[in-house]
Amino acid sequence: MSESQCDIGFIGAGVMGKNLILNLADNGYRVCAFDLDHNRLNALLEQDKKECGGLPARVETCNSYTELLAKVKAPHLIILSVPAGAPVDDVCSKLMDAGLKADDIVVDTGNSLWTDSVERAKRYEGKLIFFTTAVSGGEVGARFGPSLMPSGDRYAWSRIEPVWHAIAAKVDKASGQPIERFEPGSPVREGEPCAAYIGPIGSGHYVKMVHNGIEYADMQMICEAYHVMRTALGMAPEEIAEVFREWNRGPLNSYLINISAEVLSTLDSVTEQPLVDVILDRAGQKGTGLWTAMSSLEVGCPAPSIAEAVYARSLSTRKVLRTRAAQKLQGPELTQVAAEQREEVIAQLHDALYCAKICVYAQGFDLMKLAAREQGWQLNFSEIARIWRAGCIIRAVFLQSISDAYDRDPKLSNLLLDDFFTQQIADHQANWRQAVASATLNGIPVPALSSALNYYDAFRTVSLPANLLQGQRDYFGAHTFARVDQPEQRKYHVQWSEPGRPMVEI
Ligand code: 6PG
């Protein structure tokens, strides 16, 4: 390839970067890649060569930012797949030093904090066009079709749109099911792409952050169901995998249920024991679940099951302390479920997972709605659910129903109030309550499943004990309260230390 012939410059050839580059190449884009780590560039070239099977290479690499800019057509389209945080700014400043111009576009595809993206767009204004695209789908998604959540400058979007539509995951228009083909050189071109413009800068990464919060809760709840089956039902990992495979044929059908079955039916190559039994029970996290929980607290939008999922990971890391506590702290004797009741308990867990999952999505979409209101974003919730139907980690059959709910009412105030979901929970909640109660009576922790149930019950309660709470606040801090029999804006205070405790209007 001669100078200035590449369509796209790509910086960062780690796992996600390499796979996105090969996906772009499959779709006919000429990419020039740069990475400070030459081994990564070599691995990329090797992979490209292997996949090309003797045909000319589709990807080229370079040794510097200056060379990258020389090899890519102007105005440049540069995609970054570098770790979130300081590396993004470092690359932007190196690109500017190398001669990047004001009409060149830089697209950040990392898991950046959304406020950093807003900040960057401002900082780089007039120097480059800073655009973002949050990517979900892990390694395989990046290679054969991720879900993409772009946001930022409209002109940049007009340039990047055809590229993202080409490489994104696709769903069948009629059935809403993913169209998957995991073959290098044979990208899926038919169907609806899972890439849609989300809104102004920051909104795409906010939506992806909430996606990850939902991902945390969804994963945690599947783990809780596994835990009950493993302990109270004494089931072997392979038996639980079979249950998950069965669940995957119904409304719980999802990528996460599928991979959970895969993990559970895999044997450790060293001991030949179930792999899950040799994996240490300390969960890692990179921070996006935490950001979602923090944002929910800041916005004042309850997302307790997402927060519980983050806490569950934190508690899991305190293995030494938990091991000590296990010797000292008492709980109920675990009652093994009799074999003839196994099916019934499994059905309860199924429904618990289903109802709790609805609540988690209700929390996530509510959070996006409130954040959008605060930021002045016009988010299209039906479309967000649609672009999560394929490619991303939380892809699930269920997302079609969410999209339908927002099509029926784009201003829906909470997913639980959509008739379809109202009815689903009405039909399945008895089992959910039973599953949470049994686990609790047996001393098996189910923090996400039970917090979702508490969310549901609090959400449908007209009179919460916040009246007493307001009384407490007024007692010690004169924080005032509103009365049920007066307009809410009128505030009252009781003079608690005065005889007769008279009330005054403030
Ligand atoms: C995705 C994933 C991806 C990644 C996260 C979660 O949508 O493809 O969410 O972004 O798996 O980084 O990582 P942690 O579990 O380590 O926080």
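Just so you know, these numbers come straight off a predicted model, no measurement behind them.

**Q** For this particular structure, what's the right way to read the domain arrangement of the protein?
**A** For an interface, size is often stated in terms of accessible area lost upon the parts coming together. With domains assigned, the protein is organised as domain 1 (8-201), domain 2 (212-459) and domain 3 (466-505). One C-alpha centre belongs to domain 2, the other to domain 3, and the line joining them spans 40 Å.

**Q** Just checking my understanding: could you explain the site of the ligand for this structure?
**A** Neighbouring residues of the ligand: 13 residues in total, closest Ser136, Glu215, Tyr216, Lys286 and Arg313. With respect to the ligand, the side chain of Ser136 contributes an N or O atom lying 2.4 Å from an oxygen atom. About the coverage of the ligand: the protein hides 80% of its 410 Å² of free accessible area. In terms of residue count, helix H8 (residues 203-231) provides more of the shell around the ligand than any other element does, five residues in total. In terms of residue class, the shell around the ligand is built from two nonpolar, seven polar and four charged.

**Q** I'm lost on the packing of helix H15 (residues 342-375) against helix H18 (residues 419-441) in this one. Help?
**A** The axes of two packed helices give the description: the angle between them and the distance between them. Packing of H15 against H18 leaves a shortest axis separation of 7 Å and a crossing angle of 125°. One way to sum up the angle between H15 and H18 is to call them oblique. Classified by chirality, the crossing of H18 by H15 is left-handed. Across from Ala347, Gln348, Leu349, Asp351, Ala352, Tyr354, Cys355, Ala356, Ile358 and Cys359 in H15, the residues of H18 making contact are Phe420, Phe421, Gln424, Ile425, His428, Gln429, Asn431, Trp432, Gln434, Ala435 and Ser438. Of the residues that constitute the contact of H15 with H18, the class distribution is 13 nonpolar, seven polar and one charged.

**Q** Can you help me understand the pattern of salt bridges in this one?
**A** Any two side chains of opposite charge can pair, given that their charged atoms come close. Inspection of every chain in the model, using the stated rule, returns 31 salt bridges. A salt bridge links Arg143 to Glu51; its shortest N-O distance comes to 2.5 Å. Of this pair, Arg143 sits in helix H6 (residues 138-144) while Glu51 sits in helix H2 (residues 38-52), placing them 92 residues apart in sequence. Put simply, Arg181 and Glu190 hold a salt bridge, and the shortest N to O gap is 3.6 Å. Linked by salt bridges that have partners in common, Asp26, Asp48, Glu51, Arg58 and Arg143 make up one network.

**Q** When you look at a nonpolar patch on the surface in this model, what are you seeing that I'm missing?
**A** A contiguous nonpolar patch, built from Val263, Val278 and Ile279 and spanning about 230 Å² of accessible area, is present on the exposed surface. Among the secondary structure elements, Ile279 is positioned in the loop between helix H11 (275-278) and helix H12 (288-299).

**Q** Looking at this structure, I do not really get the sheet that holds strand E5 (residues 105-108). What am I missing?
**A** The strands making up a sheet associate through backbone hydrogen bonding, with each pair oriented either parallel or antiparallel. Read from one edge of the open sheet, seven strands run E3-E2-E1-E4-E5-E6-E7, paired in mixed fashion. On the outer flanks of this sheet lie strand E3 (59-61) and strand E7 (147-151), each paired with one strand and no other. Neighbour to neighbour, the strand axes of the sheet diverge by 25° on average, direction disregarded. When strand E1 (residues 8-11) meets strand E2 (residues 31-34), the two strands line up parallel, connected through four bridges. Along E2, the bridge assignment pairs Ile11 with Phe34. Strands in contact with helix H7 (residues 154-167) are E1, strand E4 (77-80), E5, strand E6 (129-136) and E7; relative to E6, the strand with the most contacts, it is inclined by about 25°. Sitting on the sheet, H8 touches E5, E6 and E7, and the angle it makes with E6 is about 20°.

Cut-offs applied
Residues numbered from 1 in each chain as written. Predicted model: local features only at pLDDT ≥ 70, side-chain atom pairs only at ≥ 80, totals over all residues. Heavy atoms only, no water. Domains from an automatic or database assignment. Near = heavy atom within 4 Å. Polar contact = N/O pair within 3.5 Å; in protein donor to acceptor, adjacent residues only side chain to side chain. Areas by Shrake-Rupley, 256 points an atom, 1.4 Å probe, with all protein chains shown as cover. Helix = DSSP H or I, 4+ residues; strand = E, 2+ residues; numbered from the N terminus. Nonpolar A, V, L, I, M, F, W, Y, C, P; charged D, E, K, R; others polar. Axes fitted to C-alpha atoms, helices over the stretch in contact; angles between N-to-C directions. Parallel < 35°, antiparallel > 145°, perpendicular 65-115°, else oblique. Left-handed = near helix turned anticlockwise from the far one by under 90°. Contact = heavy atoms within 4.5 Å. Salt bridge = Lys/Arg side-chain N within 4 Å of Asp/Glu carboxyl O. Patch = residues over 30% accessible without salt bridge, like charges linked within 9 Å, V, L, I, M, F, W, Y side chains within 5 Å. Pairing = 2+ DSSP bridges.

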